[in-house]
Amino acid sequence: MTITFITGANKGLGRETARRLIQCGHTVLVGARNREQGEETAAALGARYVPIDVTDDASVAAAAANVAGHEGRIDVLINNAGVHGPVGDPSDLTAADALAVLDVNVIGVVRTTTAFLPLLRRSDDPVIVNVSSGMGSLALTHDPDRPESHVIAPLYTSSKAALTMLTTQYAKALNGIRVNAADPGYTATDLNGHSGPQTVAEGTDAIVALATEKPGSGTGRFLSRHGEIAWS
């Protein structure tokens, strides 16, 4: 049985990913900061709730210890938790604004990955999926035909660009662990006020595909629901 831990799994893309992977036969651990929502999601889907705040070292360590004590390992880690931050004119951005976004979208991934690596290394086929975004792609955000080029979200885009680079570095360095990034696309979630044209099912296609690949599949890739995206 594949054991999968998902951060930010209480709503949106995380919840839908959990639902779909359970349908695929995974044992899913719903990681979430909000206990009420996390417990409700776990109960509704048939998963187990694990408290985690990816911005807090002690919380992340406690989550890893929780899983070590119950399941003993994980096979798939999905770093899904994310925040958007301010949009539009960047003139009034503050260091605090930047730290708040980076702490979840980039540093939170580092915290969680480091804490869960010992559990992943107990798996016969360990996988890490980082939920990134085409908004972090230089190519896509400079292509006038792409919706990514028409959004001004300085901190979100910067954090996702950093996350895609972090993914490639992990993929090169972590021997025996597949590390890939997923671009959900413009999906209707709380993150964008449900303005995206895609459903959450469509938005989780790439995440689910990477989480359910056969052993020996590639590492260091960036996938959308339409296929592989160039690292640029």
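Residues numbered from 1 in each chain as written. Predicted model: local features only at pLDDT ≥ 70, side-chain atom pairs only at ≥ 80, totals over all residues. Heavy atoms only, no water.

Turning next to the overall build of the chain. Scanning the chain from N- to C-terminus turns up nine helices and eight strands. Taken along its principal axes, the extent of the C-alpha atoms in the chain is 45 × 35 × 30 Å. In the chain, buried positions account for 48% of the 232 residues. Long-range contacts, defined as pairs at least 24 residues apart, comprise 66% of the intrachain contacts of the chain with a sequence gap of at least 6. Summed over its atoms, the accessible surface of the chain is roughly 10,400 Å², and 55% of this surface lies on carbon and sulfur atoms. Charge centroids of the chain, computed over 18 positive and 24 negative side chains, lie 7 Å from each other. (Helix = DSSP H or I, 4+ residues; strand = E, 2+ residues; numbered from the N terminus. Buried < 20%, exposed > 50% of the residue type's maximum accessible area, 1.4 Å probe, protein only. Contact = heavy atoms within 4.5 Å. Areas by Shrake-Rupley, 256 points an atom, 1.4 Å probe, with all protein chains shown as cover. Lys, Arg positive; Asp, Glu negative; His and termini not counted. Charge placed at Lys NZ, Arg CZ, Asp CG, Glu CD.)

Pairing within the open sheet is mixed, and its eight strands lie in the order 3-2-1-4-5-6-7-8. Strands at the two margins of the open sheet, each flanked by one partner only, are strand 3 (48–51) and strand 8 (227–228). Where helix 7 (residues 154–173) meets the sheet, its contacts fall on strand 5 (127–131), strand 6 (178–182) and strand 7 (222–224), and the angle it forms with strand 6 comes to roughly 160°. (Pairing = 2+ DSSP bridges. Axes fitted to C-alpha atoms, helices over the stretch in contact; angles between N-to-C directions.)

Bringing the pattern of salt bridges into the picture now. This model, assessed by the stated rule, comprises 13 salt bridges. For Arg19, the salt bridge is made with Glu16, and the minimal N-O distance between the two is 2.6 Å. Of the two residues, Arg19 and Glu16 both sit in helix 1 (residues 12–23), three residues apart, roughly one turn of that helix. Take Arg19: its relative accessible area is 31%, and that puts it in the partly exposed class. Residue Arg146 pairs with Glu148 through a salt bridge whose shortest N-O separation is 2.8 Å. The exposure class of Arg146 is partly exposed, given its relative accessible area of 30%. Residue classification places Glu148 among the buried residues on the basis of a relative accessible area of 9%. What emerges from the salt-bridge pattern is a single network uniting Arg20, Glu202, Asp205 and Arg225. (Salt bridge = Lys/Arg side-chain N within 4 Å of Asp/Glu carboxyl O.)

Let us look at the environment of Glu202. Its place among the elements puts Glu202 in helix 8 (residues 200–203). Glu202 sits in the partly exposed class, given a relative accessible area of 27%. Measuring from C-alpha to C-alpha, the distance between Glu202 and Ala44 comes to 21 Å, with 158 residues separating the pair along the chain.

Time to look at helix 5 (residues 107–120). A rise of 1.5 Å per residue sets the reference length of helix 5, with its 14 residues, at 20 Å; its end C-alpha atoms lie 19 Å apart and thus fit the reference within 8%. The sharpest bend along helix 5 comes to roughly 30°, located at Thr114, with the proline Pro118 sitting one to four residues further on. For helix 5, every residue scored as buried is listed here: Gly108, Val109, Arg111, Thr112, Thr113, Phe116, Leu117, Leu119 and Leu120. Where the residues of helix 5 are buried, they touch strand 1 (3–6), helix 3 (57–70), strand 4 (76–79), helix 4 (95–105), strand 5 and helix 7. (Expected span 1.5 Å × (residues − 1). Bend = angle between axes of the 7 residues up to and from the residue.)

Turning our attention to the packing of helix 4 against helix 5. In contact at an axis separation of 3 Å, helix 4 and helix 5 are set at 30° when each is read in the N-to-C sense. What the angle tells us is that helix 4 and helix 5 run roughly parallel. Contacts between helix 4 and helix 5 involve Leu102, Asp103, Val104 and Asn105 from the former and Ile107, Gly108, Val109 and Arg111 from the latter. (Parallel < 35°, antiparallel > 145°, perpendicular 65-115°, else oblique.)

The next point concerns the packing of helix 4 against helix 7. Where helix 4 meets helix 7, the axes come as close as 10 Å, and the angle between the chain directions of the two elements is 35°. Considering only the axes of helix 4 and helix 7, their crossing is right-handed. Facing Asp97, Ala98, Val101, Leu102 and Asn105 of helix 4, the residues of helix 7 in contact are Leu155, Tyr156, Ser159, Lys160 and Leu163. A class-by-class count of the residues in the contact of helix 4 with helix 7 yields six nonpolar, two polar and two charged. (Left-handed = near helix turned anticlockwise from the far one by under 90°. Nonpolar A, V, L, I, M, F, W, Y, C, P; charged D, E, K, R; others polar.)

This part takes up the nonpolar core. Where a protein is soluble and globular, its nonpolar side chains tend to be buried together. Phe5, Val67, Ile74, Phe116 and Ile128 are the most contacted members of the largest nonpolar core, which totals 27 residues. Those elements giving two or more residues to this core turn out to be strand 1, helix 3, helix 5 and helix 7. Ranked by residue count, the leading element in this core is helix 5, at five residues. Leaving out residues up to four positions away in the same chain, Ile74 has contacts with Ile3, Phe5, Leu29, Val67, Phe116, Leu119, Leu120 and Ser123. Core analysis: the next-biggest nonpolar cluster, separate from the first, contains 22 residues, Val127, Val131, Val208 and Leu210 among them. (Core = buried A, V, L, I, M, F, W, Y, C linked by side-chain atoms within 4.5 Å.)

These values are about where atoms sit, not about what they do.
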